[in-house]
Amino acid sequence: MNLLTQLSKYIFIFLMLLFALRDYTYLGRHDEDKKLKVLKSQVRLIFIMEILGYAIIFGNTLEVRVLLLLMGILLYNAVTLLCYRSFYPKCSMLLVNNMLMLLGVGFIMIARINFDQAWKQFLIAALGTAVALVIPVIIRKLRILPRLKWLYAVLGIVALMGVLALAAVSGGARLSISIGGISFQLSEIVKITMAFYVGSSLAQDTSLKNIIITTVVAIIHVGILVLSTDLGTALVFFVMYIAVLFVATRKPVYPLAGLGVGALGALLAYHLFAHVRKRVEAWRDPFQVYSTSGYQIAQGLFAIGAGGWFGTGLYLGKPNTIPVATKDFMFAALCEEFGIIFCICLLMVCMSLYILILNISILIRDRFYKLVALGLGTEYAFQVFLTVGGVTKLIPMTGITLPLVSYGGSSVISTICMLAIIEGMYILREDEGEEVVEKKRTRLRSGRRDR
């Protein structure tokens with residue numbers, strides 16, 4: 001097993017590198033047959049990655065439930081691919097492949113650290129995907145969505161107020177509500193409603209009056225999160241709003257003003273919240289406060305250093321020594337056992353996903369969906385930045401998880417639903433393209449008849 005593990009870490013790097021390169025190869029090709037070959041090769045890489053990962057886990061644990069989970073994951077992959085191809089022939093299978101690869105890496109690492117959490121993550125992902133399969137139809141058919149801006153605002157504010165009133169404090173912040181032993185982090189769902197509200201409002205009107213109203217509603221969202229001391233999510237909302245506002249208005253004064261407000265808000269948060277001051281102290285010198293607030297960051301840095309470029313190998317590291325390794329510090333755990341090169345390739349996949357979302361936002365003609373896609377993409381990309389930046393000590397820790405990879409039911413469901421929304425927009429874009437082509441053909445036919 002030791003020999004297989006040592007060999008497998010190079011195979012994992014090779015598989016992830018090939019997958020990431022296929023992402024960018026696909027984006028640069030126009031021939032449909034070549035694109036299809038790229039997609040099929042990615043599917044094979046996903047299955048090989050998961051079979052190899054769980055073979056090593058089984059070899060180290062000799063537990064039959066490992067094989068059962070592997071069969072469940074492989075079946076989930078096959079059904080997800082089949083459903084998207086059958087129900088939505090115009091959808092982006094590259095988006096689906098990236099989602100399955102990120103989920104697959106997360107399943108392997110979570111199972112290695114805490115097998116019970118891996119089972120829960122798999123079941124939640126399967127449930128979220130089943131729900132998400134309906135979303136592209138809603139995006140495509142329900143034309144009333146751009147006119148529901150106040151519904152989005154009310155739903156988001158009520159959900160956040162519920163968290164503020166009912167959630168228990170965890171890690172210095174009010175994050176989730178527990179009902180019957182099941183926890184719900186409603187702020188993950190509000191990420192979607194917030195993007196829809198901002199997109200709906202600014203798509204209709206970019207006058208100063210409407211911008212002020214939209215900003216006030218956004219401030220209410222962020223303010224409730226600040227009162228809940230969920231500052232990481234508040235920062236994600238803030239950055240998303242500034243990005244969408246700039247694209248909607250094309251006025252640089254708004255992001256510049258947002259930068260000033262953000263700096264002032266960070267200063268106030270430092271003086272108002274004790275746990276923020278502790279995180280800043282741990283960021284500045286985690287080894288000086290190693291026994292208290294710096295322990296998690298220091299252990300994460302030790303893990304990254306121990307893994308080096310190629311990693312220690314699955315089951316040859318010590319990710320369990322990192323507090324909440326399956327959540328906030330999943331990136332450090334991956335660096336330790338899979339290596340820095342593997343994690344760089346993983347980030348390339350995340351970046352490819354973001355580029356794909358941006359591409360859809362740029363090409364779709366409907367202004368509402370253009371802004372919503374930009375908002376969702378910004379939230380996803382900034383969340384990845386906050387997670388990786390916090391683990392590598394580039395920025396202070398914010399408590400944000402790595403989307404699709406880290407353990408967390410609410411995060412996984414909201415991200416899967418977000419990608420399903422993007423799929424719906426991709427299909428809308430394809431419909432728009434077909435409408436343009438059909439109009440050109442109609443004009444040509446009319447011209448010929450006139451002659």
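Up top you'll find the structure we're talking about.
Residues numbered from 1 in each chain as written. Predicted model: local features only at pLDDT ≥ 70, side-chain atom pairs only at ≥ 80, totals over all residues. Heavy atoms only, no water.

Section: the nonpolar core
Then, number 1: One finds Y54 and M425 to be the most contacted residues of the largest nonpolar core, which totals 136 residues.
Then, number 2: No other element matches the 16 residues that helix α4 (residues 93-113) contributes to this core.
Then, number 3: Setting aside residues no more than four positions away along its own chain, M425 makes contact with I139, I360, I364, Y369, V372 and A373.
Then, number 4: Counting 5 residues, the second largest nonpolar core, distinct from the first, contains V236, F382, L386 and I395. (Core = buried A, V, L, I, M, F, W, Y, C linked by side-chain atoms within 4.5 Å. Buried < 20%, exposed > 50% of the residue type's maximum accessible area, 1.4 Å probe, protein only. Helix = DSSP H or I, 4+ residues; strand = E, 2+ residues; numbered from the N terminus. Contact = heavy atoms within 4.5 Å.)

Looking at the pattern of salt bridges
Then, number 1: Taken as a whole and judged by the stated rule, the model has 4 salt bridges.
Then, number 2: For K191, the salt bridge is made with E188, and the minimal N-O distance between the two is 3.2 Å. Taken together, the residues K191 and E188, both in helix α8 (residues 186-204) and 3 residues apart, mark about one turn of the helix.
Then, number 3: The buried category is assigned to K191, whose relative accessible area is 6%.
Then, number 4: The exposure class assigned to E188 is buried, which follows from its relative accessible area of 6%.
Then, number 5: Taken together, the shared-partner salt bridges connect E63, R65 and D116 into one network. (Salt bridge = Lys/Arg side-chain N within 4 Å of Asp/Glu carboxyl O.)

Re the side chain of T249
Then, number 1: Among the secondary structure elements, T249 is positioned in helix α10 (residues 231-249).
Then, number 2: Side-chain polar atoms of T249 contact the backbone oxygen of L245, separated by 2.7 Å.
Then, number 3: Once residues lying within four places of it in the same chain are set aside, the contact partners of T249 are T206, I211 and Y254. (Polar contact = N/O pair within 3.5 Å; in protein donor to acceptor, adjacent residues only side chain to side chain.)

Focus: helix α16 (residues 367-391)
Side chains of residues three or four places apart in an α-helix project in the same direction, reflecting 3.6 residues per turn.
Then, number 1: For α16, with 25 residues, the first-to-last C-alpha span of 36 Å sits near the 36 Å given by 1.5 Å per residue.
Then, number 2: Sitting at the amino-terminal end of α16 is D366, which places a side-chain oxygen 3.0 Å from the backbone nitrogen of F368.
Then, number 3: Where α16 ends, the next residue or the one after it, K393, has phi of about 70 degrees, a positive value. (Expected span 1.5 Å × (residues − 1).)

Considering the packing of helix α3 (residues 64-87) against α4
Then, number 1: Contact geometry of α3 with α4 gives a least axis separation of 11 Å together with a crossing angle of 165 degrees. Regarding the angle of α3 to α4, the classification is roughly antiparallel. Seen from above, α3 lies across α4 with right-handed handedness. Between α3 and α4, the residues in contact are I73, Y76, N77, T80, L81, Y84 and R85 and M93, V96, N97, M99, L100, L103 and F107, respectively.
Then, number 2: Among the residues forming the contact of α3 with α4, the class breakdown is 10 nonpolar, 3 polar and 1 charged. (Axes fitted to C-alpha atoms, helices over the stretch in contact; angles between N-to-C directions. Parallel < 35°, antiparallel > 145°, perpendicular 65-115°, else oblique. Left-handed = near helix turned anticlockwise from the far one by under 90°. Nonpolar A, V, L, I, M, F, W, Y, C, P; charged D, E, K, R; others polar.)

Concerning the packing of helix α15 (residues 340-363) against α16
Then, number 1: Closest axis-to-axis distance for the α15/α16 pair is 8 Å, and the angle between their directions is 165 degrees. Accordingly, the angle class assigned to the pair α15 and α16 is roughly antiparallel. With respect to the hand of their crossing, α15 and α16 are arranged in left-handed fashion. Of the residues in α16, those touching α15 at L347, C350, L353, Y354, I357, L358, S361, I362 and L363 are K370, A373, L374, G377, T378, Y380, A381, V384 and V388.
Then, number 2: Here the residues of the contact of α15 with α16 are counted per class, giving 14 nonpolar, 3 polar and 1 charged.

So, a nonpolar patch on the surface
Then, number 1: A cluster of nonpolar residues, Y10, W309, F310 and I344, forms a patch on the protein surface that exposes about 450 Å² of accessible area.
Then, number 2: In this fold, I344 is placed in helix α15.
Then, number 3: Judged by its relative accessible area of 42%, I344 is partly exposed. (Patch = residues over 30% accessible without salt bridge, like charges linked within 9 Å, V, L, I, M, F, W, Y side chains within 5 Å. Areas by Shrake-Rupley, 256 points an atom, 1.4 Å probe, with all protein chains shown as cover.)

Digging into the environment of V43
Then, number 1: Residue placement: V43 occurs in helix α2 (residues 32-61).
Then, number 2: Linking V43 and N77, residues 34 residues apart in sequence, is a C-alpha distance of 8.9 Å.
Then, number 3: Excluding its chain neighbours within four sequence positions, the residues that come into contact with V43 are L81, R85 and N97.

Looking at the environment of V198
Then, number 1: On the secondary structure map, V198 appears in helix α8.
Then, number 2: By relative accessible area, which is 0% here, V198 ends up buried.
Then, number 3: In sequence terms V198 and Y241 are 43 residues apart; their C-alpha atoms lie 7.0 Å from each other.

Observations regarding unusual backbone geometry
In terms of backbone geometry, most residues other than glycine have negative phi values and most peptide bonds are trans.
Then, number 1: Phi at R250 is positive, roughly 60 degrees, even though this residue is not glycine.
Then, number 2: Position of R250 relative to the elements: it lies in the loop between α10 and α11 (253-272).

Some words on the packing of aromatic side chains
Then, number 1: Evaluated as defined, the whole model comprises 14 aromatic pairs.
Then, number 2: Between W119 and F122 the ring centres are 6.2 Å apart and the planes differ by 65 degrees, which places this aromatic pair in the edge-to-face class. In this pair, W119 and F122 both sit in helix α5 (residues 115-132), 3 residues apart, roughly one turn of the helix.
Then, number 3: Ring geometry for F287 versus F302: centroids 5.7 Å apart, planes at 50 degrees, classification tilted. Taken together, the positions of F287 in the loop between α12 (274-284) and α13 (295-307) and F302 in helix α13 put the pair 15 residues apart, joining distant regions of the chain.
Then, number 4: Exposure remark for F287: the relative accessible area of 46% places this residue in the partly exposed category.
Then, number 5: On the basis of relative accessibility, which here comes to 44%, the residue F302 falls in the partly exposed class.
Then, number 6: Through a chain of ring-to-ring contacts, the aromatic side chains of Y76, F107, F115, W119 and F122 assemble into a single cluster.
Then, number 7: Directly above the ring of Y26 sits K35, whose terminal nitrogen or CZ lies 5.2 Å from the centroid.
Then, number 8: Above the plane of the ring of Y315 lies R112, whose end atom (NZ or CZ) is 4.5 Å from the centre. (Phe/Tyr/Trp six-rings, centres within 6.5 Å; stacked < 30°, edge-to-face > 60°. Lys NZ or Arg CZ within 6 Å of the ring centre and 35° of its normal.)

By themselves, these are just geometric observations and shouldn't be taken as functional.
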